[in-house]
Amino acid sequence: VFLGDLVHAVADEPVLRAELSALVARLSPGSELRVVLGNHDLRLPRRLVEWGIALPAEPLLDCGRFRLVHGHEPLPEELLAPPDRVVLLGHEHPG
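Everything numeric here is computed off the predicted structure, so don't read it as measured data.

Secondary structure assignment for the protein yields two helices and five strands. When the helices and strands of the protein are listed from N to C terminus, the series reads α-β-α-β-β-β-β. Burial status across the protein gives 29% buried among its 95 residues. Total accessible area on the protein is roughly 6400 Å²; 57% of this is exposed by carbon and sulfur atoms.

So, about the packing of aromatic side chains. Given two aromatic rings, one states the distance between the centres and the angle between the planes to describe the pair. Following the criterion strictly, the structure yields zero aromatic pairs and no others. In this structure, Arg65 packs its charged tip against the face of Phe66, placed 5.4 Å from the ring centre.

The biggest cluster of nonpolar side chains holds twelve residues, and these are Leu6, Val7, Leu16, Leu20, Leu33, Val35, Leu37, Leu44, Leu48, Trp51, Ile53 and Leu55. Elements supplying a minimum of two residues to this core: helix 1 (13–26) and helix 2 (44–51). Looking at this core element by element, the count peaks at three residues for helix 2. Not counting residues up to four positions away in its chain, the partners in contact with Leu48 are Leu20, Ile53, Leu55 and Ala57.

Alignment of strand 3 (residues 60–63) against strand 4 (residues 66–69), held across four bridges, turns out to be antiparallel. Following the sheet pairing, Cys63 is matched in strand 4 by Phe66. Hairpin connection of strand 3 to strand 4: two residues between the antiparallel strands, including Gly64 at a positive phi of 60 degrees. Where strand 4 meets strand 5 (residues 86–89), four bridges bridge the pair, whose relative direction is parallel. Its bridge partner being in strand 5, Arg67 is matched across the sheet by Val87.

Taken in spatial order, the three strands line up as 3-4-5 in an open sheet, and their pairing is mixed. Here the strands that pair on one side only, and so sit at the sheet edges, are strand 3 and strand 5. Adjacent strand axes in the sheet meet at a mean angle of 20 degrees when their direction is disregarded.

Take Asp41: it is sitting in the loop between strand 1 (35–36) and helix 2. Taking the C-alpha atoms as reference, Asp41 lies 5.5 Å from Val7; in sequence the two are 34 residues apart. Apart from the residues lying within four places of it in its own chain, the contact partners of Asp41 are Gly4, Asp5, Leu6, Val7 and Val36. Within the local environment of Asp41, its side chain forms a polar contact with the backbone nitrogen of Asp5, the two atoms lying 2.6 Å apart.

Conventions adopted
Residues numbered from 1 in each chain as written. Predicted model: local features only at pLDDT ≥ 70, side-chain atom pairs only at ≥ 80, totals over all residues. Heavy atoms only, no water. Helix = DSSP H or I, 4+ residues; strand = E, 2+ residues; numbered from the N terminus. Buried < 20%, exposed > 50% of the residue type's maximum accessible area, 1.4 Å probe, protein only. Areas by Shrake-Rupley, 256 points an atom, 1.4 Å probe, with all protein chains shown as cover. Phe/Tyr/Trp six-rings, centres within 6.5 Å; stacked < 30°, edge-to-face > 60°. Lys NZ or Arg CZ within 6 Å of the ring centre and 35° of its normal. Core = buried A, V, L, I, M, F, W, Y, C linked by side-chain atoms within 4.5 Å. Contact = heavy atoms within 4.5 Å. Pairing = 2+ DSSP bridges. Axes fitted to C-alpha atoms, helices over the stretch in contact; angles between N-to-C directions. Polar contact = N/O pair within 3.5 Å; in protein donor to acceptor, adjacent residues only side chain to side chain.

Written as structure tokens, this is what we have:
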């Protein structure tokens with residue numbers, strides 16, 4: 001699972017396309033790669049379709065007892081994880 005911002009700043013789209021295609025092709029049978037969309041990934045779902053890359057991209061992902069989000073903005077109350085779940089964030093700016 002990528003927790004967002006596959007595309008950051010000005011991405012070299014041909015390079016991103018080639019790298020994602022190669023990564024998806026190398027996955028073992030039965031493996032699944034997912035993208036939790038980040039604030040820099042606004043055009044990514046459309047690009048994946050245009051490039052023919054089967055890579056699910058969604059704003060959040062529930063996986064077992066974990067709720068995975070990018071975390072670039074506060075989650076609305078209805079999207080907060082229930083008390084028995086752990087929220088994992090990908091948007092971290094050290095400093």
